[in-house]
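In case you want the letters, here they are:
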Amino acid sequence: MSKDLTNSSLDRKNILNNNIAIQGVYEELGFYGIKFDGKYRFTKQQIAQYFDVDVRTIERILENNKTELEISGYELYTGSKLKAYKEQVFDFVRNAKDKKDVHDINVVNILQLNESELDSLSKTPQLTIFTYKAFLNIGMLLIGSEKAQKLRTAILDIVIDVLNKKLGGKTKYINQREEEFLPSVIREYNYRKEFTNSLDFYIVENKFKYSQLTDKIYKSIFKENAKEYRKILNLNSKESVRSTMYSEVLDLISAYENGFANYLKNKSENLNKKLSLSETHLIFSEFEQIMEAFVSPLQEKARSLMASRDLVFRDALHEKLKDYVNEVSSEDFYKFLGKKSMEFEKRLEENKEVFKRLKDR
DNA sequence: GAGCATATTCGTCACAGCAG
DNA sequence: CTGCTGTGACGAATATGCTC
């Protein structure tokens, strides 16, 4: 069941999108590039050398995974861009020799920029250049190279380490770490009141009405009822389901609650009577169809965000949403792990081993 | 613009290691 | 053993920039 970076593009993306962890890998690994256009850059030859494989092997990986590598930062430099890059390299080498800066000299040594290499560089008409991310991406795809194998293990160790440091191992309330959570939860609280008021008013007394209709909303939005959701996130009976939900899901719940409160009101007033719970279930099905026509794009998005984030951050798989699992975006990693997320640190509770399944393979 | 040098892209073949 | 996959070696076609 555990996955392998070499054959799971989703797992690769979920690491490469985590810029915070990538930063940690760069610092620990000691394979330094030349900074150009804001990013560290490496040539194909340097990468082949690092992994101790033939250049042809790198090329083949390039042929077979072109789009993935373009996204993570592979480029063919020609023309003015190449010219600018060359100048940057020559500048860099000159400066490094003058300054005797240890880090810079390291770079020169690692990149093996000796006289003849520089000479041929000056003549070259095109050059395949990789960013650090693309370099790691290559490492994740190279099967035969022993160094790539070691790199993969190192990456996973560092990614797990960085995540643990950022989270302190606590992921249950990671949803609360983004700025949007608080306003969403407050809005939802108000719409929830509308909803329960409406149920009180227009449905005959029945002690199951709140929970049953709330479950209907949950199922409509993310296919699970509260009980199933609790089980997947491992919540005990005292922990509130909603306090673990992402703002996008909460907003959608608000929309359903508000919409249904009004829909039920109209129905009851038209019929001029209080409704039974079983009648209300039928009414909900009607409402659900209308609602879905409006919100299905948002629903798709919420399902995808919830399923993907929970898999990466909480190591929780929503079986019924497994077709919605996608990569977690670099924006999301920043939102939930970056600087701003820290304001909510005190809310974090309980332990969870993140990315563990990635490690034991 | 022609000719030259060099990198890239890509097809092909042989070989090693490995799983069934 | 056989077939598959990843790899390395070679070479042809193509792209690009430099020099004259």
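Analysis parameters
- Residues numbered from 1 in each chain as written.
- Chains lettered and ligands numbered in written order.
- Predicted model: local features only at pLDDT ≥ 70, side-chain atom pairs only at ≥ 80, totals over all residues.
- Heavy atoms only, no water.
- Near = heavy atom within 4 Å.
- Polar contact = N/O pair within 3.5 Å; in protein donor to acceptor, adjacent residues only side chain to side chain.
- Nonpolar A, V, L, I, M, F, W, Y, C, P; charged D, E, K, R; others polar.
- 1 Å grid on protein atoms, 1.4 Å probe; cavity = no way out; pocket = protein on both sides within 12 Å on 5 of 7 lines; lining within 4 Å.
- Points joined across faces, edges and corners; volume = space filled by probe spheres on them.
- Helix = DSSP H or I, 4+ residues; strand = E, 2+ residues; numbered from the N terminus.
- Axes fitted to C-alpha atoms, helices over the stretch in contact; angles between N-to-C directions.
- Parallel < 35°, antiparallel > 145°, perpendicular 65-115°, else oblique.
- Contact = heavy atoms within 4.5 Å.

**Focus on the protein's contact with DNA strand C**
Not every one of the 13 residues close to DNA strand C is listed here, only the nearest: T57, R60, G79, P125 and G144. Atoms of DNA strand C within 4 Å of the protein belong to the sugar or the phosphate in 63% of instances, the rest to bases. For DNA strand C, a phosphate oxygen lies 2.9 Å from a polar atom in the backbone of D54. Residue composition of the surface near DNA strand C, by class: four nonpolar, six polar and three charged.

**Observations concerning the layout of surface pockets**
Approximately 460 Å³ is the volume found for the largest pocket. As for the largest pocket, its lining consists of 20 residues, and the residues nearest its centre are I22, K39, Y40, Y132 and K133. Secondary structure elements with two or more residues in the lining of the largest pocket: α2 (19-29), β2 (39-43), α5 (66-72), β3 (74-77) and α9 (132-141). Of the residues contributing to the lining of the largest pocket, the split by class is seven nonpolar, six polar and seven charged.

**Structural notes on the protein's contact with DNA strand B**
Around DNA strand B, the surrounding shell holds 14 residues, and the nearest of these are R56, E59, T124, Q126 and T128. The sugar and phosphate moieties of DNA strand B supply 59% of its atoms located within 4 Å of the protein. The separation between a phosphate oxygen of DNA strand B and a polar side-chain atom of Y74 is 3.1 Å. Among the elements that make up the surface near DNA strand B, the one with the highest residue count is helix α4 (residues 55-64) (four residues).

**Overview of the packing of α2 against α9**
As a packed pair, α2 and α9 sit with axes 11 Å apart at the nearest point and diverge in direction by 85°. It follows that α2 is roughly perpendicular to α9 by the angle criterion. Taken together, the residues of α9 that come into contact with α2 (itself represented by N19, I22, V25, Y26 and L29) are Y132, K133, F135 and L136. Grouping the constituent residues of the contact of α2 with α9 by class yields seven nonpolar, one polar and one charged.

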